[in-house]
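# Observations on chain architecture
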Amino acid sequence: MGLFWPPHPYASTAERFAEIAEAGFDFVISGNYAGDGNIFQHQLALARDAGLQMLISDDIQIRNMARWFSISDNPADFLSITPAEAREFYTRARDAYGPYSSLAGFNFYDEPGPGWFGTLAKALAVSRELAPQLLPYINLFPSDDPAYYRDFVDIVKPSLVSFDRYPLLSEGREDANYFHNWAIVRDAALRGDVPAWVFIQTLAYNGHREPTAAELLWQVNISLAYGAKGIQYFTYWTPEAARGEGFGPALITVDGKRTSRYSAAKKINTTWLHQVGRELKPLVSESVVHANETPLPNGTVGFTPTDLVTGITGQAVVVGTFRSRDSTVKDRWLLVSNRSHSASTRATVVVDPAKVYGVDVFQPISKSYAGLRGTGVPVSLAPGAAALLRLKVR
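What comes next concerns the included structure. Predicted, not measured: the structure shown is a model, and the values here were computed from it.

### Regarding the pattern of salt bridges
Scanning the model with the defined rule gives 23 salt bridges in all. Here glutamate 129 makes a salt bridge to arginine 87, at a shortest N to O gap of 3.9 Å. Here glutamate 129 is found in helix α5 (residues 117-130), whereas its partner arginine 87 is found in helix α4 (residues 83-97), with 42 residues between them in sequence. Classification of glutamate 129 by relative accessible area gives partly exposed; the value is 49%. Aspartate 187 serves as the salt-bridge partner of arginine 186, at 3.6 Å between the closest nitrogen and oxygen. The class of arginine 186 is buried, set by a relative accessible area of 11%. Counted as one network, the salt bridges with shared partners bring together Arg16, Glu19, Glu22, Arg258 and Lys266.

### Examining the sheet that holds strand β2 (residues 27-29)
The strand order β1-β2-β3-β6-β7-β8-β9-β10 describes a closed barrel built from eight strands, whose pairing is parallel. Neighbour-to-neighbour, the strand axes of this sheet turn through a mean angle of 30°, independent of strand direction. Taken together, the three bridges between strand β1 (residues 2-4) and strand β10 (residues 228-234) define a ladder with parallel strand orientation. Note that in β10 the partner of leucine 3 across the bridge is tyrosine 233. In the packing of helix α7 (residues 178-192) onto the sheet, contacts are made with β8 (161-164), β9 (196-201) and β10, and the angle to β8 comes to roughly 165°.

### Concerning the pairing of strand β11 (residues 284-291)
Here β11 lies mainly inside the structure; six of its eight residues are buried. Across seven bridges, the pairing between β11 and strand β13 (residues 317-323) is antiparallel. Following the sheet pairing, valine 284 is matched in β13 by arginine 323.

### Some remarks on the packing of aromatic side chains
Here the distance between the centres and the angle between the planes together describe a pair of aromatic rings. Scanning the model with the defined rule gives 28 aromatic pairs in all. A centroid spacing of 6.1 Å and a plane angle of 45° characterise the contact between tyrosine 137 and tryptophan 197, whose relative ring orientation is tilted. Placement of the pair is tyrosine 137 in strand β7 (residues 135-140) and tryptophan 197 in strand β9, with a sequence separation of 60 residues. By the burial criterion, tyrosine 137 is buried, and tryptophan 197 matches it. Each ring, one from tyrosine 166 and one from phenylalanine 234, has its centre 5.1 Å from the other, and the planes form 20°; the classification is stacked. Of this pair, tyrosine 166 sits in the loop between β8 and α7 while phenylalanine 234 sits in strand β10; the two residues are 68 residues apart in sequence, bridging distant segments of the chain. An aromatic cluster is defined as three or more aromatic residues linked by ring pairs; in this entry it consists of Phe117, Phe141, Tyr148, Tyr149, Phe152, Phe163, Tyr178, Phe179, Trp182, Trp218 and Tyr226. We note arginine 67 situated over the ring of tyrosine 109; from NZ or CZ to the ring centre the distance is 4.4 Å. Looking at arginine 390, its charged tip hangs above the ring of tyrosine 369, at a distance of 4.0 Å from the centre.

Here is what the cut-offs are and how they apply
Residues numbered from 1 in each chain as written. Predicted model: local features only at pLDDT ≥ 70, side-chain atom pairs only at ≥ 80, totals over all residues. Heavy atoms only, no water. Salt bridge = Lys/Arg side-chain N within 4 Å of Asp/Glu carboxyl O. Helix = DSSP H or I, 4+ residues; strand = E, 2+ residues; numbered from the N terminus. Buried < 20%, exposed > 50% of the residue type's maximum accessible area, 1.4 Å probe, protein only. Pairing = 2+ DSSP bridges. Axes fitted to C-alpha atoms, helices over the stretch in contact; angles between N-to-C directions. Contact = heavy atoms within 4.5 Å. Phe/Tyr/Trp six-rings, centres within 6.5 Å; stacked < 30°, edge-to-face > 60°. Lys NZ or Arg CZ within 6 Å of the ring centre and 35° of its normal.

Printed below as a string of structure tokens:
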């Protein structure tokens, strides 16, 4: 669990970074006008003391090797550097921040176009050669083009597929292609056998509304159902009005006050996401379906009976099915997420007793599973909420 747009340099204090950790975050992506090596080192020290990790954005050495110049063996190429020069740039960045145990890696490029994939592939190769323990991070555009994500995976060979798409539009509307975008990102991540990460919307901005607590939770749980292994909040600190995108208050206001969304995110992170995330993170997304929803949103797959789950009745839910990487483990895990972020819902998951000899439901408070009786498993979900079931397969 991470955040973008942390406290600005003048608000980067031990108290502020402790506030981030208190809300259950694991890592920080730098930003908010932190673009100087001394500031990065100061923030890395704060992150270390707060028990946080940090991805550095906007370091000049990383920008030189991954954004401002292409990497080419041909010195005649316009605005290019050689692979040897790229290694020099990366070495300077690594050596400047490497002494801090809180350094998680570097943000190489935010929302690159496909024309930049070749250089990013070379930049990531340099990173893995010189510091295999550090994450070479890239976040992608929202897109309805599967080729964009597929080519990214095939050419760049990334460590993960991260993207941003903010589904909560003004006047109570939803982005009609949110699920479609998630489906193609999921496919690309599975294609590359790498984790999928996503940003969730915490604020109002041009054409987008301010999320409720339930809408924050809904974005998290829909993303988990689609196989997300990393949840990132956009934004933590509120960008100031001069940025020109009409940003409303995020988790922390522009002048440093907590909003109700800080409390909501803290509750989500500390009472649900950490716990259920530990269960889901090692598993592989096997399928994701929408049940009891007509018409189906663009890009989604409707539920059809399987050899394990013979029916899902009741109201609309999104169900992600997961398997272990260990092929000898036959059990399956189902994350049943409320399709609605504004109303409670009830559904019943019906299993085949010839194949499934027991169903357990995950209890986040005790971090354990409790057994249920019967072949019909009732699920009652608050707005935006989800339940994790484990099917014990014969």
